[in-house]
Amino acid sequence: EVFRPHGVLFQPGKGADFYWDRAGGLMEGADKGRIYVELPNGETIKPKRMFFFWRRWPKIMPGSRVIVPKSKESVE
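Not measured: the values here are computed from a predicted model.

Caption draft 1: Focus on the packing of aromatic side chains. For the structure on display, the rule yields one aromatic pair. Ring centres 5.0 Å apart and planes at 90° place the aromatic pair Phe18 and Tyr19 in the edge-to-face group.

Right, here's the structure in full:
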């Protein structure tokens, strides 16, 4: 659920938010709480919660995919 889903070239040290911003940003129907990263080895990772609202994204590896699912409300 990004505006222009496409591949974005790997940039060392960037988090998931960098990549979805380069894909046009999150659409209104994106489920921000269920975004995850699929690593090249098939492992999935989610952001770590810090405090009550801040999320820290792990470093992205080359070949990873950032998955932004559609919210359940927008599917119905």
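Caption draft 2: The sheet that holds strand E5 (residues 65-67), seen in detail. Read across the open sheet, the three strands follow the order E2-E1-E5; overall the sheet is antiparallel. Pairing within the sheet leaves two strands with one partner each, and these edge strands are strand E2 (44-45) and E5.

Caption draft 3: Inspection of the side chain of Ser64 at higher detail. By the element assignment, Ser64 lies in the loop between strand E4 (54-56) and E5. Reaching out from Ser64, the side chain makes a polar contact with the backbone oxygen of Met61 at a distance of 2.7 Å. Non-local contacts of Ser64, meaning those with residues more than four positions away in its chain, are made with Val37, Glu38, Leu39 and Pro40.

Caption draft 4: Representation of the nonpolar core. Ranked by size, the top nonpolar core spans 13 residues in total, and within it Val2, Ala16, Trp20, Val37, Ile60 and Val68 carry the most contacts. For this core, the leading source of residues is helix H1 (residues 16-22), giving four residues. Ile60 has contacts with Phe10, Lys14, Gly15, Ala16, Tyr19 and Val37, leaving out every residue within four places of it along the chain.

Caption draft 5: View of the environment of Phe18. Summarising the element assignment, Phe18 is placed in helix H1. Judged by its relative accessible area of 14%, Phe18 falls in the buried class.

Caption draft 6: Here's a closer look at the pattern of salt bridges. What the rule picks out here adds up to three salt bridges. Where Arg34 meets Asp31, a salt bridge forms, and the shortest distance between an N and an O atom there is 2.7 Å. Relative accessible area serves as the criterion here: at 34%, Arg34 is assigned to the partly exposed category. Across the pair Arg65 and Glu38 runs a salt bridge, and its minimum N-O distance is 3.4 Å. Here the residue Arg65 occupies a position in strand E5, and Glu38 occupies one in strand E1 (residues 36-38), the gap between them amounting to 27 residues. For Arg65, a relative accessible area of 48% translates into the label partly exposed. By relative accessible area, which is 28% here, Glu38 ends up partly exposed.

Caption draft 7: Region of interest: the environment of Lys72. Positionally, Lys72 belongs in helix H2 (residues 72-75). C-alpha separation for the pair Lys72 and Asp31, spaced 41 residues apart in sequence, amounts to 7.7 Å.

Rules of the game
- Residues numbered from 1 in each chain as written.
- Predicted model: local features only at pLDDT ≥ 70, side-chain atom pairs only at ≥ 80, totals over all residues.
- Heavy atoms only, no water.
- Phe/Tyr/Trp six-rings, centres within 6.5 Å; stacked < 30°, edge-to-face > 60°.
- Pairing = 2+ DSSP bridges.
- Helix = DSSP H or I, 4+ residues; strand = E, 2+ residues; numbered from the N terminus.
- Polar contact = N/O pair within 3.5 Å; in protein donor to acceptor, adjacent residues only side chain to side chain.
- Contact = heavy atoms within 4.5 Å.
- Core = buried A, V, L, I, M, F, W, Y, C linked by side-chain atoms within 4.5 Å.
- Buried < 20%, exposed > 50% of the residue type's maximum accessible area, 1.4 Å probe, protein only.
- Salt bridge = Lys/Arg side-chain N within 4 Å of Asp/Glu carboxyl O.

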